[in-house]
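Structural characterization, general
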Amino acid sequence: MSDIKEEEITYTNNISVDAYNGLRKSVGWIQLARKRAAIALGNSFYLCVAMSGEEPVGMARIVSDGGYTYFITDVIVKPGYQGKHVGMELISRAMDYIQKDVMEGETVMISLMSAFERESFYKQFGFHQRPFGNHGSGMSVWVSRDSQGNVTKY
Ligand SMILES: CC(C)(COP(=O)(O)OP(=O)(O)OC[C@H]1O[C@@H](n2cnc3c(N)ncnc32)[C@H](O)[C@@H]1OP(=O)(O)O)[C@@H](O)C(=O)NCCC(=O)NCCS
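Reference entry: report on the structure contained in this document.

Cut-off values and rules
Residues numbered from 1 in each chain as written. Predicted model: local features only at pLDDT ≥ 70, side-chain atom pairs only at ≥ 80, totals over all residues. Buried ≥ 20, exposed ≤ 12 C-beta atoms within 10 Å, placed from the backbone. Helix = DSSP H or I, 4+ residues; strand = E, 2+ residues; numbered from the N terminus. Pairing = 2+ DSSP bridges. Near = placed C-beta within 6 Å. Nonpolar A, V, L, I, M, F, W, Y, C, P; charged D, E, K, R; others polar.

Our focus in this paragraph is the pairing of strand β3 (residues 55-64). Counted residue by residue, β3 has eight buried out of ten residues, so it is predominantly covered. Both strand β2 (residues 46-52) and β3 contribute to a ladder of seven bridges, which runs antiparallel. Residue alanine 50 lies in a different strand from β3, and its bridge partner there is glycine 58. With antiparallel pairing between neighbouring strands as the criterion, β2 and β3 make up a hairpin whose turn holds two residues, including glycine 53 at a positive phi of roughly 65°. The loop that links β3 with its antiparallel partner strand β4 (residues 69-77) comprises four residues; one of these, glycine 66, has a positive phi angle of about 80°.

Encoded structure:
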């Protein structure tokens, strides 16, 4: 583990495609095609990147219609920087960014897909683990096209 201090982490709103894929790789996530990664980053409603000096060590994104529905995604803290409240700061900043625009009498929906056994991390911010009340389970599917052109869902 790195022995960095929390105060050495700064936060910015930019990340390169390579650094984005680098953060994904650091936690064992799939690599995105460069063009697709650039589109994803460019269409972020909000992007927060944790920096240790010049090195991106964490990130979180919001994708949204900007009116009602907000989806938090790509929440990553690089191993070695985990457990130092970087993830908590990233989510706090993302939540604040949404909450500051919610006026009296308004309601919005913030959702996310928790990674396996990360639910308690998000519960700290008020997220409910579904199924909850009259809400069913969250649902997702991966869609891939292989080199023969076949689409698979898994
Ligand atoms: C999940 C992740 C983002 C958390 O970031 P982090 O910087 O390590 O977490 P923090 O240090 O901010 O943790 C804040 C609090 O949440 C708790 N916490 C952290 N990870 C947790 C987990 N997996 N389950 C439950 N609680 C967790 C911490 O104990 C800490 O509690 P404390 O304030 O009482 O000390 C990070 O571990 C990560 O990137 N993991 C790999 C990628 C991943 O799974 N991302 C989530 C995708 S949905």
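So, on to the site of the ligand. The full set close to the ligand counts 16 residues, and Gln82, Gly87, Met88, Ala115 and Ser120 are the nearest of them. Elements supplying a minimum of two residues to the shell around the ligand: β4, α3 (86-99) and α4 (119-123). Class assignment of the residues belonging to the shell around the ligand gives a composition of eight nonpolar, six polar and two charged.

From the geometry alone we can't say anything about function, so treat these as descriptive.
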